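# Coordinates in review
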Amino acid sequence: MKTKNLIPLSLLVLFLAFGVSLKAQEAKPADKIEQLKGLVPLDPFKTTPEQDKSFDIENSEEIYFEDGSQITLSDLARYTAGIDYIKVSYVNPSDRNTVLAILVRKCTPDERQALKLIKEAMGWEDFPGGVDPNAPDLSSPDKYMPLQFDPNRTLEDALKGLTKKPAKLGPGIVMFNPSRTALYDEKGKFIPYFLPDGKTPNPTVNKYLNDANFSIVHYKDETGLIKVSVFVPATLAEKKGRGQTVTATALIEEAAASSDGDNNGGSMQSTASFQQKVITPEGVEGVFAIGKKADDFTAKDINGADVSLSQYKGKKVVVLNFWFTRCKPCVAEMPLLNKLVEQYKGKDVEFISLCNDDEKTINEFLKTHKFDYRIVANTLKLANKYKITGFPTSVVIDKDSKVSFFEMGGSDKIGEHLKKAIDSVLK
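No experiment lies behind these values; they were computed from the predicted model shown.

## Brief notes about the overall build of the protein chain
Scanning the protein chain from terminus to terminus reveals 13 helices and 19 strands. The buried share of the protein chain, reckoned over its 427 residues, is 52%. Restricting to contacts in the protein chain with at least 6 residues of sequence separation, those with at least 24 account for 70%. Looking at the protein chain as shown, the accessible area adds up to about 20100 Å², and 52% of this sits on carbon and sulfur atoms.

So this is what it looks like as structure tokens:
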């Protein structure tokens, strides 16, 4: 994908960030929120590009919900993806060009109507509940788990009770998980997401997703959840400017990671190499862009010891692994990761795993599974900060704290890939 075709960061935030499920909360007047006292709100429909750029939305913790609680960037994205909530920027009265905090609150009726018109013009869909049910949710790992479909079920039967999702010809974004969607080709033949071994993604699926000659028609249930997707020959208009499709799955075909991502308006697959392009809009470096200095973090591992990236600068190569206990690909690659730990024992390499689950869940998991990485629990917020959109994800950071390797998705060659990456920077 060429840089000029990338979606503005403000839109990327809305569809790439994955976060916790929304919960109904009792609103609290903004002037009662301690952190906002002394600040004044800007008109949410009239903020300038300079004001927007003044707030480091990816790294700031000054993002609040209307009840006064701090929320993550993922929460912000999920709330504002609909038309029930709005993002309000707060500034100091003496410096209205510098945004100091953001508040997410319920819309007034007029604001809701205005948002509806704006988002409809952009190709967005108003989902029941205000949240796209197809968007991955890191707080609900089960949403990543693939579904099994009857290969003998006809397309006609599969479509019963479903309605066709409107096509996106503008900048609208369609999210769906192909491993949880019944896929059919242009002749109505079922396409299994996995090969017969039940774990290797079917190359045919990726071929269709990345072929600009084919479009994809989605069928949804009453909640807006996509249940069936059919690949059909693309029209000329679709080839020139159809909306992009983001696939969200923890099981990414390894071959897709080498795709250059420039498919002339075709679909986008959330692969490791492509992810680095998606999060680098208009020259802004991605969180784990190769060669970029990795942002530091501080935490404690499950044994109570302090852990951070900065403590290893100039001393060790750091290998990170993002995972959660119910992620099958994460668990499947652990023997390969354990082998790496053994191979580099006594060398300047530190293996750290960042798990979304709490300590109790992890300790129960470790009773039946062996994982030799140093483990940090409750890292959902950190995964959001680092824009981790698929699990497992592995990152190698050299002794100068620069990213030298990034790979997302389960692979039976992860051991080989990591060894090559580690050896290239181990001095």
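## Some words on the state of the cysteines
The final tally for this structure, using the stated rule, is one disulfide. Residue pairing for Cys 327: its cysteine sulfur links by disulfide to Cys 330, the two sulfurs lying 2.3 Å apart. Residues Cys 327 and Cys 330 are joined through a disulfide that is right-handed, its torsion about the S-S bond being 80 degrees. Its sulfur unpaired, Cys 355 is 8.4 Å from the next cysteine sulfur, which belongs to Cys 330.

## Some thoughts on the packing of aromatic side chains
Considering all chains together, one arrives at 14 aromatic pairs under this definition. Relative to Phe 190, the ring of Phe 149 has its centre 6.5 Å away and its plane inclined at 55 degrees; by these criteria the two rings are tilted. Placement of the pair is Phe 149 in the loop between helix H4 (109-121) and helix H5 (155-158) and Phe 190 in strand S8 (residues 190-191), with a sequence separation of 41 residues. With a relative accessible area of 29%, Phe 149 lands in the partly exposed category. Centre to centre, the rings of Phe 322 and Tyr 386 are 6.1 Å apart; their planes meet at 90 degrees, and the pair counts as edge-to-face. With a gap of 64 residues between them, Phe 322 in strand S15 (residues 317-323) and Tyr 386 in the loop between helix H12 (380-385) and strand S18 (393-397) connect regions that are remote in the sequence. Judged by relative accessible area, which is 1%, Tyr 386 ranks as buried. Connected via pairs of aromatic rings, a cluster forms that spans Trp 323, Tyr 344, Phe 351, Phe 365, Phe 371 and Tyr 373. Its end group placed over the ring of Tyr 208, Lys 207 keeps NZ or CZ at 5.8 Å from the ring centre.

## A look at the nonpolar core
Counting 51 residues, the largest nonpolar core has Phe 288, Leu 320, Phe 322, Phe 351, Val 396 and Leu 418 as its most contacted members. At six residues, the largest contribution of residues to this core is made by S15. Those residues in contact with Phe 351 that lie beyond four places of it in its chain are Val 319, Leu 340, Val 341, Tyr 344, Tyr 373, Arg 374 and Ile 422. Listed in part, the 14 residues of the second largest apolar core include Phe 55, Ile 63, Val 91 and Val 104.

## What to know about the environment of Phe 324
Position of Phe 324 among the secondary structure elements: in the loop between S15 and helix H9 (328-332). Look at Phe 324 and you get buried, because its relative accessible area is 1%. In this structure, the C-alpha to C-alpha distance between Phe 324 and Thr 361, residues 37 residues apart in sequence, is 9.6 Å.

## Considerations on the pairing of strand S10 (residues 226-233)
Bridge count between strand S7 (residues 182-184) and S10: three bridges; the pairing is parallel. The residue of S10 that forms the bridge with Tyr 184 is Val 230. Direction of pairing for strand S9 (residues 214-220) relative to S10: antiparallel, over a ladder of seven bridges. Across the sheet, the residue bridging to His 218 is Ser 229, located in S10. In this structure, the hairpin formed by S9 and S10 is closed by a connection of five residues, where Gly 224 is found at a positive phi of approximately 95 degrees.

## Some thoughts on the side chain of His 218
Relative to the assigned elements, His 218 resides in strand S9. Looking at His 218, its side chain comes within polar contact range of the side chain of Ser 229, at 2.7 Å.

## A short note on the pattern of salt bridges
Applying the stated criterion to the full structure yields 14 salt bridges. When the shortest N-O distance is used, the salt bridge between Lys 227 and Asp 221 registers 3.7 Å. Lys 227 sits in the partly exposed class, given a relative accessible area of 35%. The shortest N-O distance in the salt bridge between Asp 301 and Arg 374 comes to 2.8 Å. Taken as a pair, Asp 301 in the loop between strand S13 (298-300) and strand S14 (306-308) and Arg 374 in strand S17 (residues 374-376) lie far apart in primary sequence, 73 residues in all. For Asp 301, a relative accessible area of 5% translates into the label buried.

About the criteria used
- One numbering rule holds for all chains: residues counted from 1, following each sequence as written.
- The model is predicted, so local features are restricted to residues of pLDDT at least 70 and side-chain atom pairs to those at 80 or more, both for listing and for counting; the totals for chains, interfaces and linings are taken over all residues.
- Water and hydrogen atoms were dropped before computing side-chain values, which therefore reflect all heavy atoms in the structure.
- The numbering of helices and of strands both runs from the N terminus, where a helix is a DSSP run of H or I of at least 4 residues and a strand a run of E of at least 2.
- Here's how the labels work: a residue is buried when its accessible area is under 20% of the maximum for its type, exposed when over 50%, partly exposed in between, all with a 1.4 Å probe on protein chains only.
- Whether two residues touch is decided by their heavy atoms; if any such pair falls within 4.5 Å, the residues are in contact.
- Areas reported here follow the Shrake-Rupley algorithm with a probe of radius 1.4 Å; residue values treat only the protein chains shown as occluding.
- Defined by distance alone, a disulfide is two cysteine sulfur atoms within 2.5 Å.
- Two aromatic rings, drawn from Phe, Tyr or Trp (for Trp, its six-membered ring), form a pair once their centres lie within 6.5 Å of each other, and the interplanar angle then sorts them: stacked below 30 degrees, edge-to-face above 60, tilted otherwise.
- Both a distance and an angle decide whether a charge sits over a ring: NZ of Lys or CZ of Arg must be within 6 Å of the ring centre and within 35 degrees of the ring normal.
- In this text, buried Ala, Val, Leu, Ile, Met, Phe, Trp, Tyr and Cys residues form a nonpolar core when linked through side-chain atoms within 4.5 Å.
- By the convention used here, strands pair only if DSSP detects at least 2 bridges between them.
- Under the rule applied, a polar contact is a pair of N or O atoms within 3.5 Å (in protein, one hydrogen donor and one hydrogen acceptor; residues adjacent in sequence only if both atoms are side-chain atoms).
- For this analysis, a salt bridge means a side-chain nitrogen from Lys or Arg found within 4 Å of a carboxyl oxygen belonging to Asp or Glu.

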